[in-house]
Amino acid sequence: DHGRVLIVHGPSAPQKKGTKYVLDAIKEIEKIRDIDFKLLVDMEHDEVLESMRGADIVIDQLLCGDYGVFSVEAMASGAAVVANICKELQQAYPEDLPIASANPLTIKDILLRLIDDREERVARGKAGPGYAYRVHSIQETAPEILRIYRKVALAKGRTATVRRIDYHLNICKKKGWKGISDGK
């Protein structure tokens, strides 16, 4: 623990990610809390990942209503992650989704809570890598995607495509990836 809480935000598309609201909230918070903030722009991807690894809190987006690759990378880094997850989608995710949901109206309060509640911040950060791997790793996603492609290929009568997909599903099975069965 380095004392001051480090918050980072790496917007690939600032308008779509709600960067204005993030910066407004940070400006207000800096008046009442001793924090460090870093805006990750004009950086190589590996530099962004390195910055995330040193962060306590990573803010993804406040407008989209769902999380994306940046949040997954942030969870994998072990930082507490903030992103807007709309109510309809919150129910679709596993209960242990470690992302703190925020929107333009709640971002300041959510950040203050995470800054002040070290236990919650650390718990969310510790839960992130396991969640990211369990839900988003190639071992989890590839078999499911292959099964979807197989279903579409079968419906369209593309037997050669089905054979290629079965070949890849068998490779996944041999590697011991979860979710693979003979029933396809």
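The structure we're discussing is the one just above.
Keep in mind that this is a model prediction, so the values were computed, not measured.

Reading the values: the criteria
Residues numbered from 1 in each chain as written. Predicted model: local features only at pLDDT ≥ 70, side-chain atom pairs only at ≥ 80, totals over all residues. Heavy atoms only, no water. Helix = DSSP H or I, 4+ residues; strand = E, 2+ residues; numbered from the N terminus. Buried < 20%, exposed > 50% of the residue type's maximum accessible area, 1.4 Å probe, protein only. Contact = heavy atoms within 4.5 Å. Areas by Shrake-Rupley, 256 points an atom, 1.4 Å probe, with all protein chains shown as cover. Axes fitted to C-alpha atoms, helices over the stretch in contact; angles between N-to-C directions. Parallel < 35°, antiparallel > 145°, perpendicular 65-115°, else oblique. Left-handed = near helix turned anticlockwise from the far one by under 90°. Nonpolar A, V, L, I, M, F, W, Y, C, P; charged D, E, K, R; others polar.

1. With respect to the overall build of the protein
- A count of helical and extended segments in the protein gives nine helices and five strands.
- Beginning at the N terminus, the succession of helices and strands in the protein can be written as β-α-α-β-α-β-α-β-α-β-α-α-α-α.
- Along the first, second and third principal axes, the C-alpha set of the protein runs to 65 × 35 × 30 Å.
- The 184 residues of the protein split such that 40% are buried.
- Taking contacts inside the protein between residues at least 6 apart in sequence as the whole, the part at least 24 apart equals 58%.
- Total accessible area computed for the protein in this model is approximately 10,700 Å², and 53% of it derives from carbon and sulfur atoms.

2. What about the environment of Gly125?
- Tracing the chain through its elements places Gly125 in helix H7 (residues 118–136).
- According to the relative accessible area criterion, Gly125 is buried, its value standing at 4%.
- The spatial distance from the C-alpha of Gly125 to the C-alpha of Ala79 is 4.3 Å, given a sequence separation of 46 residues.
- Beyond its immediate stretch of four places on either side in the chain, Gly125 contacts Gly78, Ala79 and Ala80.

3. Structural notes on the environment of Glu119
- One can find Glu119 in helix H7.
- A relative accessible area of 67% places Glu119 in the exposed class.
- Distance from Glu119 to Leu49, taken between C-alpha atoms, is 24 Å for residues 70 residues apart in sequence.

4. Brief notes about the packing of helix H2 (residues 19–30) against helix H6 (residues 107–116)
- Contact geometry for H2 and H6: axes closest at 9 Å, N-to-C directions at 50°. By the angle class used here, H2 and H6 are oblique. Seen from above, H2 lies across H6 with right-handed handedness. Across the interface between the two elements, Tyr21, Ala25, Ile26, Glu28 and Ile29 from H2 touch Ile107, Lys108, Leu111, Leu112 and Ile115 from H6.
- Its residues assigned to classes, the contact of H2 with H6 comprises eight nonpolar, no polar and two charged.

5. Structural notes on the packing of H7 against helix H8 (residues 138–155)
- Between H7 and H8, whose axes approach to 5 Å, the crossing angle comes to 20°. By the angle between their directions, the pair H7 and H8 is classed as roughly parallel. Contact with H7, carried on its side by Tyr133, Arg134, Val135 and His136, involves Ile138, Gln139, Glu140 and Thr141 of H8 and no other residues of that element.
- Split by residue class, the contact of H7 with H8 holds three nonpolar, three polar and two charged.

6. Examining unusual backbone geometry
- With phi around 55°, Asp42 is a residue other than glycine that occupies positive phi space.
- Within the secondary structure layout, Asp42 lies in the loop between strand S2 (35–39) and helix H3 (45–53).

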